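Survey of secondary and tertiary structure
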Amino acid sequence: MWAIEVEDVVKRFGEFVAVDRISFRVRRGEIFGLLGPNGAGKSTTIRILCGLLAPTSGRARVDGLDVVTQAEQVKRRIGYMSQRFSLYEDLTVEENVELFSGLYGVPRERRRQRQQEVLEMAGLTAWRRRLVRALPGGWKQRLALGCALVHEPPILFLDEPTSGVDPIARRQFWDMIVRLSEAGRTILVTTHYMDEAAYCHRLALMDRGRIVALDAPAALARSLASVAFLHLESSDLWESLKVLEREASVERVTLFGAGVHLRVRDPERARERIQRALHARGITISRLDVVAPSMEDVFVAVIEGGERNER
Amino acid sequence: MTWRRTWAMARKEFLHIRRDPRSLLLALAVPIVLLLLFGYALRLDVDRIPMLVFDADGSPQSRNLIARFAGSRFFDVVGMVEDPARIRREMDRQRCLLALVIPPDYSRRWLRGERASIQLILDGSDSNTASIALGYAEALLREHVGSWQMSVLRRATGVMVNPPVDVRVRVWYNSELRSRNYIVPGLIAIILMIIAALLASLTLAREWEMGTMEQLLSTPVRPSEIVLGKMLAFFAIGLLDMLIALLVGVVFFRVPLRGDPLLVLLMGGLFLFGALGWGVLISALVRSQVLAYQLGVLTSFLPAFLLSGFIFAIENMPPVVQAVTYLVPARYFIVILRGLFLKGVGVELLVGEVAFLIAYAAVVFGLATRCLQRRLA
């Protein structure tokens, strides 16, 4: 049996189609990522699966239960972390955990023990009596995850769980997710951080309400075998961008960290031409190497491929 | 519905209130401030009306008339003027509300058996007080003339003549006609309504604004449990407020409580449940705290104040407004409160009012729950 099954789900808000006939299935214990820009329909999909929104049409099952007709049973088996931090800031760490263990109906005899386990897992035992307001962002995220896990749900929905959290805290957070998956929990996570997508076992790339590609991260990257990527760092990045956008051997320019990623067909030939073009403008190149495609490169390539097919 | 989830919600609300001392202070200070304001400042009793006298006659007859006013507890003769123009000046300065003008021929006409006239001037800018003062003055003058007629009759016939009708007035339930006795019980309804408007109308709107509502709704907690849990917490505060109001009213203002105090609390609880339900209903309909608060004041506090018969008599309102007052729960609760406080009646005489409050609470709670449910889809 699948942990999550989505079949032809559509969600319209008036004229706007937020989710446009998507279908996918998630295995038990899998970390399944929904990746895409803002407005792609990731959050709407998660909210439908959590029983917070009713789909306009189509069917979705979570742990074998229909999200519309069996919403209450579904809610007992899932944990949900919404995009915005949404615990109570004027309550202490402990009080928040207690609240959610009450709302999820954790049996009285298990409650104390579960609360302690959750605080331990989130590394917040020492801060249990602190007001949530006073916690740093990364800790709040761990607490939110803890609250979503207090009733030991087999399935977790995380909607951009690490937005606004510093890189080290993000790293720690993902370590926790990986451990949860290893312990057999299914995790459906949305993100727009491309580097996080690499933690997922499988990824669905979403764009304007549709799933445009679905595969393991490495397989998605391999599908771009016919192209190569160059990483460029130079003395004048903006000027380089302008020059390279007119350069015929470069298919696509994207900002990436302190430099730009260039998508090319023939890396050796392109390299020469780029060096010449930038040199002519008096720009010094500090780095120009062939690199493995980032998830962002993959994403852009897939979406552009989709657009070409539409035309 | 499970008690565990409802209690988890209620506990959380208690914690919110405890962590926000300002709102707790407000919830406890509001009844005390209102009681002091209304108990002391709002007095509808009119007595010691300041008056001026212009006596152009200066005769024993005119002095006799003036002495009548001076001897009454309703009037306070603050001065005699030589110049009638001063009356206007003094009235403009609000030094007097009433002026008595006795013309120069008053005693001459009186003694000749002709019709003597006097003039009363009233400051009508406060029409309510002016009409009450006029009533007192007319009664006083009627008595003055009547007793004179009796004495004339007695002198002429030589026999003791008694007035044909002897009116003996007994006022029941509020024998001193103290307005405080009828304002303070009504005030309990107003206080409970303010608490409901202040606290309950904000509660769900705050959850929507903070984004915490979505987290709540992702758990198995049901809308009815959310609504009930929140109401429980505010209910406790409301009951506390009611106890404060009862104590201050009975101990401090010496308002008689002739009925069963437990019955007062029970009825208060019933009213409070409906009032809180209304607050939560508004909160379920509106997602912004500012709007919810304004709607709360507009739809719960103002009608309770203006349309409940608390101060303004419902009988004097235009028929359309009177019809509206039937939908204001405070109207029924105030009848119950006055019945319990002043008359000491039992529930058996208040069945209609109690039935309305029960129906109101049930309908409003059901609507609040349903509205919260509808917001999800």
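Residues numbered from 1 in each chain as written. Chains lettered and ligands numbered in written order. Predicted model: local features only at pLDDT ≥ 70, side-chain atom pairs only at ≥ 80, totals over all residues.

Here's the deal with the overall build of chain A
What chain A contains, in helices and strands, is 11 helices and 14 strands. Principal-axis analysis of the C-alpha atoms gives chain A an extent of 75 × 45 × 35 Å. Taking all 311 residues of chain A together, 43% fall into the buried category. When contacts within chain A are restricted to residue pairs at least 6 apart in sequence, those whose partners lie at least 24 apart make up 69%. (Helix = DSSP H or I, 4+ residues; strand = E, 2+ residues; numbered from the N terminus. Buried ≥ 20, exposed ≤ 12 C-beta atoms within 10 Å, placed from the backbone. Contact = placed C-beta atoms within 7 Å.)

Description of the pairing of strand S13 (residues 259–264) of chain A
Residues and elements named next belong to chain A. Burial analysis of S13 places five of its six residues in the buried class, which makes it a mostly covered element. Alignment of strand S11 (residues 228–234) against S13, held across five bridges, turns out to be antiparallel. Residue pairing in the sheet places Phe229 in a bridge with Arg263 of S13. As judged from the six bridges shared by strand S12 (residues 250–256) and S13, these two strands associate in the antiparallel manner. Residue pairing in the sheet places Val250 in a bridge with Val264 of S13. (Pairing = 2+ DSSP bridges.)

Focus on the interface of chain B and chain A
Every contact between the two is made by 21 residues of chain B and, on the other side, 21 residues of chain A. It is helix H1 (residues 3–19) of chain B that contributes the most residues to the side of chain B that touches chain A, eight residues altogether. A class-by-class count of the residues in the side of chain B that touches chain A yields eight nonpolar, seven polar and six charged. (Nonpolar A, V, L, I, M, F, W, Y, C, P; charged D, E, K, R; others polar.)

Here we look at the nonpolar core
Residues and elements named next belong to chain B. Counting 150 residues, the largest nonpolar core has Ala189, Leu192, Met193, Ile195, Ala196, Leu276 and Phe333 as its most contacted members. When residues of this core are assigned to their parent elements, the largest contribution, 20 residues, is made by helix H7 (residues 179–210). For Ala189, the residues in contact, after removing those within four places along its chain, are Phe271, Ala304, Ser308, Phe310, Ala330, Phe333, Ile334 and Leu337. Within the second largest apolar cluster, 19 residues are counted, among which are Met51, Phe75, Ala99 and Ala133. (Core = buried A, V, L, I, M, F, W, Y, C linked by C-beta atoms within 7 Å.)

Some details on the packing of helix H10 (residues 261–285) of chain B against helix H13 (residues 329–343) of chain B
All names here are of chain B. Where H10 contacts H13, the two axes come as close as 11 Å, and the packing angle between them is 175 degrees. One finds that H10 runs roughly antiparallel with respect to H13. When H10 is examined against H13, the residues Leu263, Val264, Met267, Phe271, Gly274 and Ala275 are found in contact with a partner set consisting of Pro329, Phe333, Ile336 and Leu340. Residues of the contact of H10 with H13, tallied by class, amount to nine nonpolar, one polar and no charged. (Axes fitted to C-alpha atoms, helices over the stretch in contact; angles between N-to-C directions. Parallel < 35°, antiparallel > 145°, perpendicular 65-115°, else oblique.)

Here we look at the sheet that holds strand S1 (residues 4–13) of chain A
All names here are of chain A. Across the sheet, four strands lie side by side as S2-S1-S4-S5; this open sheet has antiparallel pairing. In this open sheet, the two strands that pair with only one neighbour each are strand S2 (16–26) and strand S5 (65–66). Bridge count for strand S4 (residues 57–62) against S5 is two bridges, and the pairing is antiparallel. In the strand pairing of S5, Arg61 is matched with Asp66.

Notes on helix H6 (residues 127–157) of chain B
Compared with the 45 Å implied by 1.5 Å per residue over 31 residues, the 44 Å span of H6 of chain B between its first and last C-alpha is a close match. Of all 31 residues that make up H6 of chain B, two are buried, and the element is exposed over most of its length. (Expected span 1.5 Å × (residues − 1).)

Observations regarding the environment of Thr162 of chain A
Residues and elements named next belong to chain A. Tracing the backbone shows Thr162 in the loop between strand S7 (155–159) and helix H6 (167–182). Classification of Thr162 by C-beta neighbours within 10 Å gives buried; the count is 22. For the pair Thr162 and Ser234, spaced 72 residues apart in sequence, the C-alpha to C-alpha distance is 31 Å. Setting aside chain neighbours within four positions, we find Thr162 in contact with Gln141, Arg170, Phe173, Tyr193 and Glu196.

Here's the deal with helix H3 (residues 93–103) of chain A
Counting buried positions along H3 of chain A gives 10 out of 11 residues, so the element sits mostly inside the fold. If you follow the buried residues of H3 of chain A, they end up packed against helix H4 (108–121) and helix H5 (137–149) of chain A together with H1 of chain B. A positive phi of about 70 degrees marks Gly105 of chain A, the residue just after H3 of chain A.

Things to note about unusual backbone geometry
In this structure, Arg208 of chain A takes a positive phi of about 45 degrees despite not being glycine. With respect to the helices and strands, the residue Arg208 of chain A is situated in the loop between strand S9 (202–207) and strand S10 (210–215). Residue Arg208 of chain A is classed as partly exposed on the basis of its 16 C-beta neighbours within 10 Å. Positioned with a positive phi, Arg48 of chain B is a non-glycine residue whose angle comes to about 50 degrees. With respect to the helices and strands, the residue Arg48 of chain B is situated in the loop between helix H2 (21–41) and strand S1 (49–55). Looking at Arg48 of chain B, the number of C-beta atoms within 10 Å reads 12, which means it is exposed.

With respect to the domain arrangement of chain B
You can read the domains of chain B as domain 1 (3–43 + 178–374) and domain 2 (49–157). Using only C-alpha atoms to locate each centre, domain 1 of chain B and domain 2 of chain B end up separated by 49 Å. (Domains from an automatic or database assignment.)

Quick word on the confidence of the model for chain B
Looking at chain B as a whole, the pLDDT averages 88, with 98% of positions reaching at least 70. As scored by the predictor, the complex reaches a pTM of 0.77 and an ipTM of 0.78. (pLDDT = per-residue confidence, 0-100.)

A word on the environment of Arg370 of chain B
All names here are of chain B. Position of Arg370 among the secondary structure elements: in helix H14 (residues 351–374). The class for Arg370 is partly exposed, based on 15 C-beta atoms found within 10 Å. Between the alpha carbons of Arg370 and Leu291 there is a distance of 20 Å; along the sequence they are 79 residues apart.

Digging into the packing of H2 of chain B against helix H9 (residues 223–252) of chain B
All names here are of chain B. Here H2 crosses H9 at 25 degrees, and the two axes come no closer than 9 Å. Here H2 lies roughly parallel to H9, going by the angle between them. Handedness of the crossing formed by H2 with H9: right-handed. Two secondary-structure elements touch here, H2 through Ala27, Leu28, Pro31, Ile32 and Leu35 and H9 through Ile237, Asp241, Ile244, Ala245, Val248 and Gly249. (Left-handed = near helix turned anticlockwise from the far one by under 90°.)

Observations concerning the sheet that holds S7 of chain A
All names here are of chain A. The mixed open sheet is built from six strands, whose spatial order is S6-S7-S8-S3-S9-S10. Each end of this open sheet is capped by a strand with a single partner; those strands are strand S6 (78–81) and S10. With direction set aside, neighbouring strand axes in the sheet form an average angle of 15 degrees. Here S9 runs beside S10; their pairing, made up of five bridges, is antiparallel. By the bridge assignment, Leu205 is partnered in S10 with Ala213. Along the sheet, H5 makes contact with S6 and S7, crossing S6 at roughly 160 degrees. Its contacts with the sheet put H6 on strand S3 (31–35), S7 and strand S8 (186–191), and the angle it makes with S8 is roughly 150 degrees.

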